[in-house]
Structures are given as structure tokens and as C-alpha cells.
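# Geometric and topological summary
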Amino acid sequence: MKRRSPAAVFWLPLITFGIYSIVWLARTRGDLNRVGESVPTTWLYIVPIVNFWWLWRFAVGTANVSGRGAGGAFALLLLLGPIGAAIVQSWLNKRDAVVVDAGAAPAVA
């Protein structure tokens, strides 16, 4: 997974009127799928009602990678928006998560 700045994940959606939130979700979904999770396409995030299911699948993927609870990640992303996304990104940046910088070969455990 690519290491991203939680500050950027918080501030960029405010500057770009929410567009970066979708970009962050799409890029993080790709990272999650590369490490073995199965998060569906991000296009489902823009479909009303289905977006709750999609956000839950995304939260389950982040919970499996970060070692945190899926319910907490879901609540943060749903209720706090960019603040919750920044917190989830900081979870993904921790040593417990599988983190690979862009351009580097994946670490073999």
C-alpha cells in the first residue's frame, strides 16, 4: 500500500470541494485489492443506497489490512468525512499495515 499523508487526506477534499475524497477512495481501493482484499469498483460509491454497502466493503478491507475494527472505520468514514478518512489513512500508515511505497518492491514476510 502506498503511504499517504493524513493531512493531505484531510485538507485536499476541502480545497477540491470533495473531489479528492473520491480519488482517495479509488486509489486506496486499488491498493487494498493489490494486497488481497476484494473491494468492488469505486463507481458504486456514487450510486445512492449502494454506497453504504460499498463503504462497508471498503471499511472491511481497511480493517483487515490495518488490524482495526471494520465498524470503527465505517463509522469514521460515514460520519466524519475527511476527518475520518485522515484517521483511517493514519491507521493504514502504521507498521501493522502492509505498506509498500510506490516504486518499491513488496516486502515478503
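The structure we're discussing is the one just above.
Below is a summary of the structure that appears in this document. (Residues numbered from 1 in each chain as written. Predicted model: local features only at pLDDT ≥ 70, side-chain atom pairs only at ≥ 80, totals over all residues. Heavy atoms only, no water.)

## A closer look at a nonpolar patch on the surface
Note the cut-off: For patches, a residue must show more than 30% relative accessible area and have no salt bridge; joins then use 9 Å for like charges and 5 Å for nonpolar side chains, namely Val, Leu, Ile, Met, Phe, Trp and Tyr. Areas reported as accessible are Shrake-Rupley estimates using a 1.4 Å probe. Residue values count occlusion only from the protein chains shown. A pairing counts as a salt bridge when a side-chain nitrogen of Lys or Arg comes within 4 Å of a carboxyl oxygen of Asp or Glu. Helix and strand definitions here come from DSSP, where helices need a minimum of 4 consecutive H or I residues and strands a minimum of 2 consecutive E residues; each element is numbered from the N-terminal end.
On the surface, Ile-49, Phe-52, Leu-78, Leu-79, Leu-80, Ile-83 and Ile-87 cluster together to form a nonpolar patch covering roughly 660 Å² of accessible area. Here the nonpolar patch gets three residues from one element, more than from any other, and that element is helix α4 (residues 70-80). Residue position: Leu-79 is located in helix α4.

## As for the pattern of salt bridges
With the rule as written, the count across this model stands at two salt bridges. Across the pair Asp-31 and Arg-34 runs a salt bridge, and its minimum N-O distance is 2.3 Å. One end of the pair is Asp-31 and the other is Arg-34, both in helix α2 (residues 19-34) and three residues apart, which spans about a single turn. Look at the salt bridges and you will find they share partners, linking Arg-4, Asp-31 and Arg-34 into a network.

## Quick look at the packing of helix α3 (residues 50-66) against α4
So the rule is basically this: To obtain an axis, a line is fitted to C-alpha atoms, over the contacting stretch when the element is a helix, and the angle between two such axes runs from 0 to 180 degrees between their N-to-C directions. An angle below 35 degrees is treated as roughly parallel, one above 145 as roughly antiparallel, one from 65 to 115 as roughly perpendicular, and anything else as oblique. Handedness of each helix crossing follows the sense of rotation of the near helix against the far helix: counterclockwise by less than a right angle gives left-handed, clockwise gives right-handed. Contact between two residues is taken to exist if any of their heavy atoms lie within 4.5 Å; hydrogens are not considered. Gly is placed with the polar residues, together with every amino acid not listed as nonpolar (Ala, Val, Leu, Ile, Met, Phe, Trp, Tyr, Cys and Pro) or charged (Asp, Glu, Lys and Arg).
Contact pair α3 / α4: the axes reach a minimum separation of 8 Å and the direction vectors enclose 130°. The angle between α3 and α4 falls in the class oblique. In terms of crossing hand, the pair formed by α3 and α4 is right-handed. Residue-level inspection shows Phe-52, Leu-55, Trp-56, Phe-58, Ala-59, Val-60, Thr-62 and Ala-63 of α3 in contact with α4, the latter providing Ala-70, Gly-71, Ala-73, Phe-74, Leu-77 and Leu-78. Taken together, the residues that form the contact of α3 with α4 break down as twelve nonpolar, two polar and no charged.

## Focus on helix α5 (residues 82-93)
Spacing of three or four residues puts side chains on the same side of an α-helix, whose turn is 3.6 residues. Where we set the bar: The span one expects for a helix is its residue count, reduced by one, times 1.5 Å. A 1.4 Å probe rolled over the protein chains alone gives each residue an accessible area, and that area as a share of the maximum for its type sets the label: buried under 20%, exposed over 50%, partly exposed in between.
Spanning twelve residues, α5 covers 16 Å between terminal C-alpha atoms, matching the ideal 16 Å at 1.5 Å per step. Among all positions in α5, only Gly-84, Ala-85, Ala-86, Val-88, Gln-89, Trp-91, Leu-92 and Asn-93 are buried. Each element contacted by the buried residues of α5 is listed here: α1 (6-15), α2, α3 and α4.

## A look at the nonpolar core
Rules: Within this scheme, the nonpolar core is defined by two criteria: the residues are buried Ala, Val, Leu, Ile, Met, Phe, Trp, Tyr or Cys, and they are joined through side-chain atoms within 4.5 Å.
Counting residues in each nonpolar core, the largest one holds 20 residues, and the members touching the most others are Trp-24, Leu-32, Trp-54, Phe-58, Leu-77 and Val-88. The leading source of residues in this core is α3, at five residues. Setting aside residues no more than four positions away along its own chain, Val-88 makes contact with Trp-24, Thr-62, Ala-73, Leu-76 and Leu-77.

## Thoughts on the environment of Ala-73
With respect to the helices and strands, Ala-73 occurs in helix α4. On the accessibility criterion, Ala-73 (0% relative accessible area) is buried. As for Ala-73 and Trp-91, which are separated by 18 residues in sequence, their C-alpha atoms are 9.5 Å apart.

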